[in-house]
Amino acid sequence: MKFLFKRSKKSSESSSQKRIDLFQRPLNSFQSVSQEKHIPNQTLSFKEVESDVNEKIKVFQRYVDSVKEASLKLEELTKMLKAGEITEETYRQLIGELGSQLSVSIEGIFKLREALELDRAKAKLEWAKEKIQMDSLKIQDNMYVDEFSGRYSPVYRWEEITSKIDKVLSSLTIMEEVSILEQYLSLIKDSLGGISSKAEFKEGKELCKRRLNLILEKWASIRRGKMDELINLDLKASEIEEKINEIDVRFAVGEIDRGTYESKISVLQGSLKNVRKEISEIRSLIDSVDMKIFRCQELLREIL
């Protein structure tokens, strides 16, 4: 237990509050800045957007790291409780502190994800505007843009911002995100994580509901693609099995010698094994995500 909590209860609570404040301050600053700078049809400053996006990405990653840390500790606490190393009272006391860290970080992840998705959309619009202007100049002035100049053009720089946002948002897989959502909803249901007031409780539920709907839309598309992959892989497996049967027959009638037979069979069986492994992994992913989404829907019904 020492590696989980090395300080007294008082100092631990103080540290937990400091951690929450540390995360909450930058998130609140993003929200206030976003509201202040929201002026319709205003031309965006690339430097301002880049600086804002970089800071959001930095805090987003901090939240992700915090969630992973808290999740590992929660798992360890559960193991210790089941093994009888700690009492139920101690477990609930310690999990409450971790729950506070986890709930703040998860809310931060979801809110910053929404903010970054909005930034990405704005960056794409700016890219389109700059691209039209650049193409127009090329036509009017027969302008040639070399590779060096192109890399420092507004078009390329907006592309860089979009790519940077895409990279950080894809750092959390859909499986990881739905797992985080399930864990957060469980904390809300158990009234843990420092969610004490009705306003905070309601905000947490609405945040989860909104994020789950977006995940469902995204997963529906991914799931269709995975099902298509399974169909193609099943066909591929059947083709390999047919080839294996053909080689068996050719060897049985003496059409090929043992050396050729063993060589061909080895290659085909290796390919079949890889295909079956891929099929198993995809099916496992589909089942796991479906189950977690179902669990999240159940939790939402239970706490609404």
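Now for a look at the structure at hand. It should be emphasised that the depicted structure is a prediction, and the values quoted were computed from it without experimental measurement.

## Digging into the overall build of the chain
Broken down by element type, the chain carries 8 helices and 0 strands. Mapped in sequence order, the helices and strands of the chain form the string α-α-α-α-α-α-α-α. Taken over 304 residues, the chain has a buried fraction of 35%. Counting contacts in the chain only where the partners sit at least 6 residues apart, residues at least 24 apart contribute 84% of the total.

## So, the environment of Arg-62
When you line up the elements, Arg-62 lands in helix H2 (residues 46–82). Distance in space between the C-alpha atoms of Arg-62 and Gly-108 is 9.6 Å, their sequence separation being 46 residues.

## Comments concerning the pattern of salt bridges
One pass over the structure, following the stated rule, counts 20 salt bridges. Of the charged contacts in the structure, one is a salt bridge between Glu-117 and Arg-113, with a shortest N-O distance of 3.9 Å. Taken as a pair, Glu-117 and Arg-113 lie in helix H3 (residues 88–141) at a separation of 4 residues, close to a single helical turn. Of the residues examined, Arg-113 reaches a relative accessible area of 2% and is grouped as buried. One salt-bridge network, held together by shared partners, links Arg-113, Glu-117, Glu-177 and Arg-211.

## Points about the packing of helix H6 (residues 174–189) against helix H8 (residues 258–303)
Any two packed helices are characterised by the angle at which their axes cross and by the distance between the axes. Here H6 crosses H8 at 25 degrees, and the two axes come no closer than 9 Å. Looking at the two axes, H6 sits roughly parallel to H8. Remark: the crossing between H6 and H8 carries left-handed chirality. Across the interface between the two elements, Met-175, Val-178, Ser-179, Leu-181, Glu-182, Leu-185, Ser-186, Ile-188 and Lys-189 from H6 touch Leu-285, Ser-288, Val-289, Lys-292, Ile-293, Arg-295, Cys-296, Leu-299, Leu-300, Glu-302 and Ile-303 from H8. Considering only residue class, the contact of H6 with H8 consists of 12 nonpolar, 3 polar and 5 charged.

## With respect to the packing of H2 against helix H5 (residues 154–169)
Following both chains from N to C, one finds H2 and H5 inclined at 10 degrees, their axes separated by 11 Å at the closest point. With respect to H5, the axis of H2 lies roughly parallel. Contact residues: H2 offers Phe-46, Val-49, Glu-50, Val-53, Asn-54, Ile-57, Phe-60 and Gln-61, while H5 offers Arg-157, Trp-158, Ile-161, Lys-164, Ile-165, Val-168 and Leu-169. Grouping the amino acids of the contact of H2 with H5 by side-chain chemistry returns 10 nonpolar, 2 polar and 3 charged.

## Side note on H5
Helix length check: H5 (16 residues) gives 23 Å between terminal C-alpha atoms against 22 Å at 1.5 Å per residue, within 8%. Turning to H5, its buried residues number three or more, namely Val-155, Trp-158, Ile-161, Thr-162, Ile-165, Val-168 and Leu-169. Buried residues along H5 cover an arc of 170 degrees about the axis, so they all sit on one side.

## Here's the deal with the nonpolar core
Counting residues in each nonpolar core, the largest one holds 65 residues, and the members touching the most others are Phe-60, Ile-109, Phe-110, Leu-116, Ile-161, Leu-181 and Leu-185. Among the secondary structure elements, those contributing two or more residues to this core are H2, H3, H5, H6, helix H7 (198–252) and H8. By residue number, the principal contributor to this core is H8, which donates 14 residues. Apart from the residues within four sequence positions on either side, Phe-110 is in contact with Glu-177, Ile-180, Leu-181, Tyr-184, Leu-207 and Arg-211.

## Some details on the environment of Thr-260
Along the polypeptide, Thr-260 turns up in helix H8. Since its relative accessible area comes to 31%, Thr-260 is described here as partly exposed. The spatial distance from the C-alpha of Thr-260 to the C-alpha of Ile-247 is 9.5 Å, given a sequence separation of 13 residues.

Cut-offs applied
Residues numbered from 1 in each chain as written. Predicted model: local features only at pLDDT ≥ 70, side-chain atom pairs only at ≥ 80, totals over all residues. Heavy atoms only, no water. Helix = DSSP H or I, 4+ residues; strand = E, 2+ residues; numbered from the N terminus. Buried < 20%, exposed > 50% of the residue type's maximum accessible area, 1.4 Å probe, protein only. Contact = heavy atoms within 4.5 Å. Salt bridge = Lys/Arg side-chain N within 4 Å of Asp/Glu carboxyl O. Axes fitted to C-alpha atoms, helices over the stretch in contact; angles between N-to-C directions. Parallel < 35°, antiparallel > 145°, perpendicular 65-115°, else oblique. Left-handed = near helix turned anticlockwise from the far one by under 90°. Nonpolar A, V, L, I, M, F, W, Y, C, P; charged D, E, K, R; others polar. Expected span 1.5 Å × (residues − 1). Arc of directions from axis to C-beta. Core = buried A, V, L, I, M, F, W, Y, C linked by side-chain atoms within 4.5 Å.

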